[in-house]
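The lines below spell out each chain.
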Amino acid sequence: MNDALPYTFGGIKQIPLSRAKFVILPVPYESTVSFKPGTRFGPEAIIFSSRFMELYEEETHSEPYLEGILTPGEIVQEIDSAGKMMKKIQNTARKFVEKNCFVFTLGGEHSISFPLVKEHQKKYPDLKILHFDAHADLRIQYEGSKFSHASVMRRISEIGCEIYSFGIRSISKDEVEDLKKLNNVHIHFAHECRNHDFVNMAKTLPQGNYYISIDIDCFDPCFVPDTGTPEPGGFSWYEVTGFLKNFIKTHNVVGADLVELAPSHHYCASAFLAAKLVYKVIAYITNRRNS
Ligand SMILES: [Mn+2]
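What you see is a predicted model; the values in this text were computed from it and never measured.

Rules and cut-offs
Counting of residues starts from 1 at the beginning of each chain's written sequence and follows it residue by residue. A pLDDT threshold of at least 70 governs which residues receive local features in this predicted model, and a stricter bar of 80 or more applies before side-chain atom pairs are shown or counted, although totals over entire chains, interfaces and linings include all residues. Numbered from the N terminus, helices here are DSSP runs of H or I no shorter than four residues, and strands are runs of E no shorter than two. The globule rule is 2.2 Å times the number of residues to the power 0.38, and the radius of gyration it is compared with is taken over C-alpha atoms. Residues with at least 20 neighbouring C-beta atoms inside 10 Å of their own are called buried, those with 12 or fewer are called exposed, and the rest are partly exposed, where every C-beta is derived from the backbone. By the convention used here, strands pair only if DSSP detects at least 2 bridges between them. Here, residues touch in the contact sense if the C-beta positions derived from the backbone fall within 7 Å of one another. In this analysis, axes come from line fits to C-alpha atoms, helices being fitted only over the stretch in contact, and the angle between any two N-to-C directions falls in the range 0 to 180 degrees. Only buried residues count toward a nonpolar core: Ala, Val, Leu, Ile, Met, Phe, Trp, Tyr and Cys, linked into one set through C-beta atoms within 7 Å. Each residue after the first adds 1.5 Å to the expected span of a helix. Here the word oblique covers every angle except those under 35 degrees (roughly parallel), over 145 (roughly antiparallel) and from 65 to 115 (roughly perpendicular).

*Asks:* Got a minute to help me understand the overall build of the protein chain in this structure?
*Replies:* Tallying secondary structure elements over the protein chain gives nine helices and eight strands in all. A globule of 291 residues ought to have a C-alpha radius of gyration of about 19 Å, and the protein chain, at 17 Å, matches this closely. Each of the three principal axes of the protein chain carries a C-alpha extent, and together these read 55 × 45 × 40 Å. Evaluated residue by residue, the protein chain yields a buried proportion of 50% over its 291 residues.

*Asks:* How should I be thinking about the environment of Lys 173 in this particular structure?
*Replies:* Tracing the backbone through its elements, the reader meets Lys 173 in helix H5 (residues 173–179). Of the residues examined, Lys 173 has 7 C-beta atoms within 10 Å and is grouped as exposed. Residues Lys 173 and Gly 255 lie 82 residues apart in sequence; the distance between their C-alpha atoms is 31 Å.

*Asks:* Would you mind going over the sheet that holds strand S7 (residues 209–215) with me for this structure?
*Replies:* Across a sheet, paired strands are connected by hydrogen bonds in the backbone, their directions being either parallel or antiparallel. Overall, parallel pairing links the eight strands, which are arranged S2-S1-S3-S8-S7-S4-S5-S6 in an open sheet. Of all the strands in the sheet, just strand S2 (69–70) and strand S6 (185–189) have a single pairing partner and so form its edges. Helix H1 (residues 42–50) rests against strand S1 (22–27) and strand S3 (102–107) of the sheet, and its axis sits at about 115° to S3.

*Asks:* Would you mind showing me how to read the nonpolar core here?
*Replies:* Note on soluble globular proteins: their nonpolar side chains tend to be buried together. Of all hydrophobic cores here, the largest spans 85 residues; its most connected members are Val 23, Ala 274 and Val 278. For Ala 274, the residues in contact, after removing those within four places along its chain, are Ile 46, Ile 216, Leu 258 and Leu 261.

*Asks:* I would appreciate a short explanation of helix H8 (residues 237–250) in the present structure.
*Replies:* Residues three or four positions apart in an α-helix share a direction because the helix packs 3.6 residues into each turn. Across its 14 residues, H8 extends 20 Å between first and last C-alpha, which sits within 8% of the 20 Å expected from 1.5 Å per residue. All buried positions along H8 are accounted for by Glu 239, Val 240, Phe 243, Leu 244, Lys 245, Phe 247 and Ile 248. Tucked inside the fold, the buried residues of H8 contact strand S4 (128–132), helix H7 (198–201), strand S8 (252–259) and helix H9 (269–290).

*Asks:* How should the packing of H1 against H9 be read in this particular structure?
*Replies:* Two packed helices can be described by the angle between their axes and the distance between those axes. Between H1 and H9, the shortest axis-to-axis distance is 8 Å and the interhelical angle comes to 75°. Classed by the angle they form, the pair H1 and H9 counts as roughly perpendicular. Contacts between H1 and H9 involve Ala 45, Ile 46, Ser 49 and Ser 50 on the former and, on the latter, Ala 271, Phe 272, Ala 274, Ala 275, Val 278 and Tyr 279.

*Asks:* I would appreciate a short explanation of unusual backbone geometry in the present structure.
*Replies:* The phi torsion of most residues other than glycine is negative, and most of the peptide bonds are trans. The omega angle of the peptide bond from Gly 107 to Gly 108 is 10°, so this bond is cis rather than trans. Along the chain, Gly 108 falls in the loop between S3 and helix H3 (113–123). Here the phi dihedral of His 61 falls at roughly 50°; this positive angle occurs in a residue that is not glycine. Of note, His 61 is situated in the loop between H1 and S2.

Written out as structure tokens, the structure is:
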């Protein structure tokens with residue numbers, strides 16, 4: 001362990017906002033998780049693990065941290081109101097989006113994506129969503145809350161974003177019924193992804209400005225057991241990174257989040273995978289910008 005490293009993403013020396021091209025925004029928000037709790041510890045575990053990553057990115061042969069990665073302090077949870085918390089997340093994201101930073105948010109539960117998408121949509125009215133998840137998250141509400149993690153894609157669909165979901169393998173009958181009228185939601189079930197040339201499907205999505213929302217439970221539990229609802233039959237490391245590499249090469253990505261990591265102390269591989277995934281996405285984006 002190297003305690004001398006700054007407690008930032010990658011253990012990189014903190015930089016002023018004026019020099020930051022990427023912002024890693026920690027949002028340890030958790031209120032509506034259904035099964036195994038702990039997503040509030042997700043951002044801390046990812047940042048902790050990231051400090052032990054190699055900063056040379058071997059696939060793109062680049063050093064993405066040199067672009068300028070800022071790790072601001074975490075957004076402290078509003079305990080009395082989910083609505084208040086959603087506003088706080090959106091207001092914080094605005095400060096960075098307005099400065100043309102690429103905001104990569106670390107959750108926390110999936111409900112945090114809604115205010116983040118809203119803020120990005122203000123800047124990019126055609127905003128589309130690339131969504132990796134085991135769950136469709138299309139419930140009208142869940143356990144009495146419209147800000148539930150299980151409703152997040154429903155909320156996003158209501159503000160008019162086209163949503164392309166991949167890896168879905170848990171969906172309710174009501175959600176399937178509703179899909180008939182949700183014309184802007186395009187579900188690709190996990191079993192369908194396995195029957196196709198999955199990583200090349202990335203190139204076939206329409207052009208536009210995209211926000212990527214990755215629920216860590218899109219991975220198979222053998223790669224990431226540390227999540228609230230670990231569904232069998234998920235993606236492998238190379239399926240997710242291969243898809244994202246192809247997608248980012250051919251599409252403009254303007255923001256991202258990684259949510260639902262619920263770290264356990266005895267299994268750090270999940271948090272380390274999450275940290276590497278964030279860094280790889282930054283590498284792919286930097287590569288596209290510089291090519
Ligand atoms: Mn999920």
